[in-house]
Amino acid sequence: MKIIIAGAGKVGETLAEQLTAEGYDVTMIDLRAEVLEACVSAHDVIAVHGNCAAVATLRDAGVESSDLLICATGNDEVNLLTSVTAHALNKHLHAIARIRDPEYAENTIHMRSHFGLSMVFNPEKQAAEEIARLIRFPGFLQRDTFAKGRTEIVLLRLDEGHHLCGAALSALPTLVKCKVLVCAVLRGGETIIPTGSFVLKQGDLLLVTAPTENLSRMLKNLRIVKHKTKSAMLVGGGRISYYLAEILDKSGIGVKIIEKDSDRCEQLAELLARAEIVCGDVRHRTLLESEGLRDSDALITLTDLDELNMLVSIYGSNWGVPQVITKLSEVEDSKILDSLPVGNVVSPRRLCSRSILRYVRAMDHKAGAAITVHSLAEGAVVASEFLVTEETLHRSKPLKEIRTKRNVLVASITRGVTTVIPDGSSHFEVGDFVVVVAPSEAGINELNDIFA
Amino acid sequence: MNYKMMGRLFGLILCAESVFMIPSLILALTDAEMRVALGFGITMGLCALIGGVLLLLCRGAKTDFYAKEGLVCVGLSWILMCLFGALPFFIGDDIPSYVDAVFEIVSGFTTTGASICTNVEALSRATLYWRAFSHWVGGMGVLVFLMALVPVGGKSEGFTMHLLRAESPGPDVGKLVPRMRYTAMILYLVYVVLTVICFIFLVFDMPVFDAICTSFGTAGTGGFGIKNDSLTGYSPYVQTVTGIFMLLFGVNFSCYYLLLLRNVLGVLRDEELRFYFGIVGGAVLLITLNIRTLYATFGEALRHAFFQVSSIITTTGFATTDFDLWPSLSKAILLILMVVGACAGSTGGGLKCARALLLIKSFIRNIGRVQNPQKVAVIRVNKKPVDEKIVSGTMAYLCAYVLIVLVSFLLISIDNFSTVTNLSAVIACFNNIGPGLETVGPTGSYAGFSDFSKIVLTIDMLAGRLEIFPILALFSRKAWKRG
């Protein structure tokens with residue numbers, strides 16, 4: 001499949017890296033020659049230098065024979081114009097565009113039909129939604145959704161004195177009082193796919209699968225959640241803060257936004273009726289304290305500066321804020337981040353490249369290929385979602401009779417609207433969504449790969 | 001430096017080389033040349049063994065690979081390939097001195113075609129085939145060949161760009177399609193198809209073995225003959241066909257890709273291609289007029305002029321006549337053609353038409369700048385502005401080129417041959433042509449030079465084929481320093 005990426009910025013480059021790794025032909029367009037140069041040396045892509053909204057440049061990039069165009073320049077208008085122009089040159093082209101202005105975001109439905117846009121993405125909005133999901137269930141370090149939102153895989157940590165410490169996994173369902181499955185345990189940098197006799201220890205990171213409807217019960221019974229989040233402090237008044245404040249406001253969580261720029265504060269105050277807007281610089285040590293950091297249930301750092309976000313988050317953690325979330329745009333090395341008390345990390349560009357990747361996979365839909373791939377726990381473990389098709393082997397045979405590869409775990413089977421955590425008697429049927437958890441080196445690319 | 005990744009590539013190259021030698025081994029066995037067969041057999045075993053061990057040791061290499069690694073890797077792998085490729089000549093006793101054997105195979109892989117053998121016809125068929133085949137592989141590049149066949153870098157092949165840049169000729173190397181592997185495949189496919197067509201045309205009027213060797217020599221623009229008098233003894237038909245195909249292999253291969261995409265207009269408008277054919281046309285005309293009196297008919301003069309011009313500008317080095325006997329003007333024209341060379345992205349050597357074009361254009365621009373110092377001017381090729389980095393890179397290339405030619409000229413002058421011999425020998429080796437003038441002319445050979453001069457010329461050939469920087473990078477201390 002041929003893909004054109006217009007704009008070799010943060011999102012563009014991340015996409016180029018992941019799409020080439022999955023074997024797609026990628027052409028990049030950008031106005032900055034030096035950025036393209038760097039892209040071509042780092043990834044297996046071809047580059048076209050020029051304005052991506054111009055017919056000549058698009059032709060140069062081979063728009064007539066391409067299947068997908070991803071407009072990821074920093075400018076909404078350019079993205080729209082590019083997709084309109086490309087659509088005029090090639091009617092079969094799918095187009096994905098980044099539209100981040102909230103005012104445009106309202107009429108995306110019209111854009112779809114008029115401008116040939118098949119998908120619109122807004123990194124800031126996505127980041128805000130992700131943060132809101134994390135806030136709704138404090139205690140989860142990471143939360144990934146599968147099977148159209150019916151199955152969840154969450155990452156949680158066993159802190160000191162937790163009642164699960166010392167318990168064997170086989171005793172878990174009785175302790176939690178609902179069906180959950182621990183699909184992987186990370187202990188001291190090592191990934192273990194556990195068996196029933198595995199004993200949990202303090203400091204373990206658990207990857208747990210559960211049907212979405214059991215999530216809150218599980219949280220309660222795991223006794224991870226101490227109390228519900230009622231107020232959140234947002235540092236930085238950018239677009240993410242605006243979207244997040246809107247979402248939190250709807251779910252009845254009190255929002256306080258701290259922003260340095262007074263004009264932006266005015267603007268936010270006009271846009272957000274109920275949120276409390278504070279104009280000030282968080283670098284002044286006393287500001288956070290005087291604005292009531294001690295009484296906040298959550299601290300979310302969303303400024304443009306990664307370094308500042310990390311600093312403020314570390315400060316908040318040390319103050320004992322129950323939930324800290326850090327937005328990072330550039331910093332990638334999660335091994336370094338792990339050693340810092342910055343709470344949950346949200347990276348807008350990772351999020352949106354993930355959702356685009358999902359679209360590309362669905363569009364390409366190679367027989368049996370994964371629909372969704374989440375890499376969990378810094379890429380040590382991969383959870384992939386597959387659709388059971390006619391070509392899947394061993395259908396309607398109980399799982400206990402099928403030999404699978406070592407360390408590969410069938411984490412959930414979603415049939416229709418119900419999700420089950422599979423046991424030995426479960427089986428696959430055509431149309432099932434199956435989530436498989438395996439170490440990343442196992443190389444599970446299609447469902448049939450799991451069979452030994 | 002990512003030594004593991006480099007080791008993996010070296011291992012692959014040695015294994016590939018061992019496979020390349022199979023036809024020669026079969027030839028030697030069928031001809032019952034046991035000594036030669038032994039030479040090939042031992043070398044193949046050695047290559048496979050060392051290559052296999054390297055591959056085994058360098059499993060799981062990381063793929064962080066940058067421009068520096070690309071340069072060093074290409075330079076080293078060519079040297080490695082040549083050192084092993086020379087072994088069959090040496091062990092098989094066709095060329096008793098190892099320095100001579102290395103000279104010969106470097107001349108083969110770099111598609112130079114300069115020989116130290118005074119009597120080529122006495123060599124075994126296996127050796128002749130290996131010489132010709134080395135041209136064919138060396139023409140397009142071994143690493144490009146590997147890239148087309150093996151997933152060199154596993155999943156992330158972005159780094160292979162550095163290898164393509166370092167191995168392929170031309171000031172601005174780019175891909176044809178997004179995937180490096182497919183780019184390499186397209187290049188090799190065009191190459192193979194053209195070679196086969198050339199072979200089919202030749203086999204009408206030539207024995208099969210001769211046709212194979214000649215088409216390999218033509219395709220790689222190498223020029224190792226299998227007869228002492230190169231192509232003089234063959235029919236005018238064979239000479240004309242070879243002449244035309246040499247010119248075709250001197251064309252930028254991306255032009256053929258554009259033709260495949262039916263973009264004929266784009267090819268016809270290509271400035272480099274026009275420049276190339278312009279020079280060929282002009283040179284043929286001038287030389288024909290200049291040598292008219294030496295030959296019986298105008299047609300014969302034209303044929304010889306065309307063949308020699310085509311052979312020299314594409315840096316092949318076949319000959320149908322001893323052009324050393326031609327008048328000075330013709331020889332001067334040939335010497336200039338030697339320096340200009342073929343198009344970028346072809347199998348030919350030399351400075352390349354694209355660079356010559358850029359240099360002329362920037363020269364004209366600089367004259368303009370002297371008159372109007374404030375003027376802002378952009379150099380355009382094919383109506384597109386050329387990046388100033390490429391222009392300055394071309395200047396630097398010219399500087400390095402002149403410097404190396406002068407130093408080599410100085411070094412081989414110790415042997416006390418005539419000045420014309422020495423200068424033309426250096427130019428012929430550096431530009432990967434083969435025959436020069438006087439002692440090293442089309443009928444002569446490089447056998448008379450001392451071992452020291454042969455080593456200098458060997459390095460020149462490698463530097464010329466890899467466009468200087470991969471070889472220079474090996475000599476820079478920074479390439480080997482940690483960090």
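Procedures and definitions
- Residues numbered from 1 in each chain as written.
- Chains lettered and ligands numbered in written order.
- Predicted model: local features only at pLDDT ≥ 70, side-chain atom pairs only at ≥ 80, totals over all residues.
- Heavy atoms only, no water.
- Domains from an automatic or database assignment.
- Patch = residues over 30% accessible without salt bridge, like charges linked within 9 Å, V, L, I, M, F, W, Y side chains within 5 Å.
- Areas by Shrake-Rupley, 256 points an atom, 1.4 Å probe, with all protein chains shown as cover.
- Salt bridge = Lys/Arg side-chain N within 4 Å of Asp/Glu carboxyl O.
- Lys, Arg positive; Asp, Glu negative; His and termini not counted.
- Charge placed at Lys NZ, Arg CZ, Asp CG, Glu CD.
- Helix = DSSP H or I, 4+ residues; strand = E, 2+ residues; numbered from the N terminus.
- Buried < 20%, exposed > 50% of the residue type's maximum accessible area, 1.4 Å probe, protein only.
- Expected span 1.5 Å × (residues − 1).
- Contact = heavy atoms within 4.5 Å.
- Buried area = accessible area lost by both parts, 1.4 Å probe.
- Polar contact = N/O pair within 3.5 Å; in protein donor to acceptor, adjacent residues only side chain to side chain.
- Nonpolar A, V, L, I, M, F, W, Y, C, P; charged D, E, K, R; others polar.
- Core = buried A, V, L, I, M, F, W, Y, C linked by side-chain atoms within 4.5 Å.
- Pairing = 2+ DSSP bridges.
- Axes fitted to C-alpha atoms, helices over the stretch in contact; angles between N-to-C directions.

Q: Break down the domain arrangement of chain A for me, with residues and values.
A: Once the domains are mapped, chain A shows domain 1 (2–121), domain 2 (142–222), domain 3 (231–321) and domain 4 (367–450). A straight line from the C-alpha centre of domain 1 of chain A to that of domain 4 of chain A covers 33 Å.

Q: Help me get a handle on a negative patch on the surface, residues and values and all.
A: All names here are of chain A. Taken together, the side chains of Asp-261, Asp-263, Glu-266 and Glu-270 present a region of like negative charge at the surface. Residue position: Asp-261 is located in the loop between strand S13 (254–259) and helix H11 (262–271). In this structure Asp-261 comes out as partly exposed when scored by relative accessible area, which is 40%.

Q: I'd like a description of helix H16 (residues 298–313) of chain B, backed by residues and values.
A: Residues and elements named next belong to chain B. Between its first and last C-alpha, H16 extends 22 Å over 16 residues, near the 22 Å set by a 1.5 Å rise per residue. Among the residues making up H16, those that are buried are Ala-301, His-304, Ala-305, Phe-306, Phe-307, Gln-308, Val-309, Ser-310, Ser-311, Ile-312 and Ile-313. The secondary structure elements touched by the buried residues of H16 are helix H12 (236–249), helix H15 (271–291) and helix H17 (328–340). Of the residues flanking the end of H16, it is Thr-315, one or two places downstream, whose phi is positive at about 60 degrees.

Q: Would you mind going over the interface of chain B and chain A in detail, with residue names and values included?
A: Facing 15 residues of chain B, the contacting portion of chain A comprises 17 residues. Between chain B and chain A, roughly 1200 Å² of surface is buried when both sides are summed, and carbon and sulfur atoms account for 45% of that area. At the boundary of chain B and chain A, one finds two salt bridges. Note that Asp25(A) and Arg179(B) form a salt bridge whose closest N and O atoms lie 3.6 Å from each other. Linking chain B with chain A are five residue pairs in polar contact (both at pLDDT 80 or more). The set of elements that each furnish at least two residues to the side of chain B that touches chain A consists of helix H9 (160–167) and helix H10 (180–203) of chain B. Classifying every residue of the side of chain B that touches chain A gives seven nonpolar, two polar and six charged.

Q: For the nonpolar core, give the residues involved together with the corresponding values.
A: Residues Ile5(A), Leu19(A), Met28(A), Ile70(A), Phe121(A), Trp130(B) and Tyr446(B) are the most contacted members of the largest nonpolar core, which totals 172 residues. With 10 residues, the single largest contributor to this core is H10(B). Aside from chain neighbours lying at most four places away, what touches Met28(A) is Ile5(A), Gly7(A), Ala8(A), Gly12(A), Glu13(A), Ala16(A), Leu36(A), Cys39(A), Val45(A), Ile46(A), Ala47(A) and Val48(A).

Q: So what's going on with the sheet that holds strand S9 (residues 181–187) of chain A? Which residues, and what values?
A: Residues and elements named next belong to chain A. What the five strands build is an open sheet, ordered S7-S8-S11-S9-S10; its pairing is antiparallel. For this open sheet the edge positions go to strand S7 (142–146) and strand S10 (190–192), each flanked by a neighbour on one side alone. Direction aside, neighbouring strands of the sheet carry axes that sit 20 degrees apart on average. Two strands pair when backbone bridges link them, and S9 and S10 are joined in this way by three bridges, in the antiparallel orientation.

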